[in-house]
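What follows is the residue order along each chain.
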Amino acid sequence: MSMKRTHVHADPEDLAITKEAARRRGVSEAGIIRQGIHLAAMANRVWDEPLFARVYEGPGQTLAEEEVRDTVSDAVAWESGSAAGACGCPVGTRLSG
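Residues numbered from 1 in each chain as written. Predicted model: local features only at pLDDT ≥ 70, side-chain atom pairs only at ≥ 80, totals over all residues. Heavy atoms only, no water.

When you go through the protein chain residue by residue, the secondary structure sums to 3 helices and 0 strands. Listed N to C, the secondary structure of the protein chain is α-α-α in terms of helices and strands. Across the 97 residues that make up the protein chain, the buried fraction comes to 9%. For the protein chain, the exposed surface amounts to about 9000 Å²; the carbon and sulfur share of it is 55%. (Helix = DSSP H or I, 4+ residues; strand = E, 2+ residues; numbered from the N terminus. Buried < 20%, exposed > 50% of the residue type's maximum accessible area, 1.4 Å probe, protein only. Areas by Shrake-Rupley, 256 points an atom, 1.4 Å probe, with all protein chains shown as cover.)

Tallied over the entire structure, the rule returns 4 salt bridges. Among the salt bridges present, the one from K19 reaches E29, with a minimum N-O distance of 3.8 Å. On the criterion of sequence distance, the pair formed by K19 in helix α1 (residues 12-25) and E29 in helix α2 (residues 29-43) is long-range, its members being 10 residues apart. Look at E29 and you get partly exposed, because its relative accessible area is 33%. Between R23 and E20 there is a salt bridge whose closest N-O contact spans 2.5 Å. A residue pair is termed a helical-turn pair when its members lie 3 or 4 positions apart in one helix, as R23 and E20 do in helix α1 at 3 residues. Linked by salt bridges that have partners in common, E20, R23 and R24 make up one network. (Salt bridge = Lys/Arg side-chain N within 4 Å of Asp/Glu carboxyl O.)

A word on the side chain of T18. Locating T18 in the fold gives a position in helix α1. Judged by relative accessible area, T18 falls into the buried class, the value being 14%. If near-sequence neighbours (up to four positions away) are discounted, T18 is found in contact with E29, I32 and I33. (Contact = heavy atoms within 4.5 Å.)

Relative to the 22 Å expected for 16 residues at 1.5 Å per residue, helix α3 (residues 65-80) spans 23 Å between its end C-alpha atoms, a close match to the ideal helical length. Buried residues of α3: D74, A75 and A77, and no others. End-on, the buried residues of α3 take up no more than an arc of 165°, which puts them together on one face. Residues of α3 that are exposed and angled more than 90 degrees away from the buried face: E65, V76 and S80. Looking one or two places after α3, you find G81, whose phi comes out positive at around 85°. (Expected span 1.5 Å × (residues − 1). Arc of directions from axis to C-beta.)

Right, here's the structure in full:
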């Protein structure tokens, strides 16, 4: 990976903590600082796609734990091409409740 040089101002106390952590872990101070920059960048990144893009239709009320488990199992089975969901019936079959 290509690196780009930059200049930052840091609190002396933070630098002392970084120096001690680098010594304790046996890594460079620069490595710890790069890791911190990466974590800050990822925490503030705006993603092109939402984390959860799938939408599942539901009854409009909170489902019981077993219903959630069966729905997720059916969705995984459908995506993997399995013939039957958690209920043993063809994927997509709606169970009356």
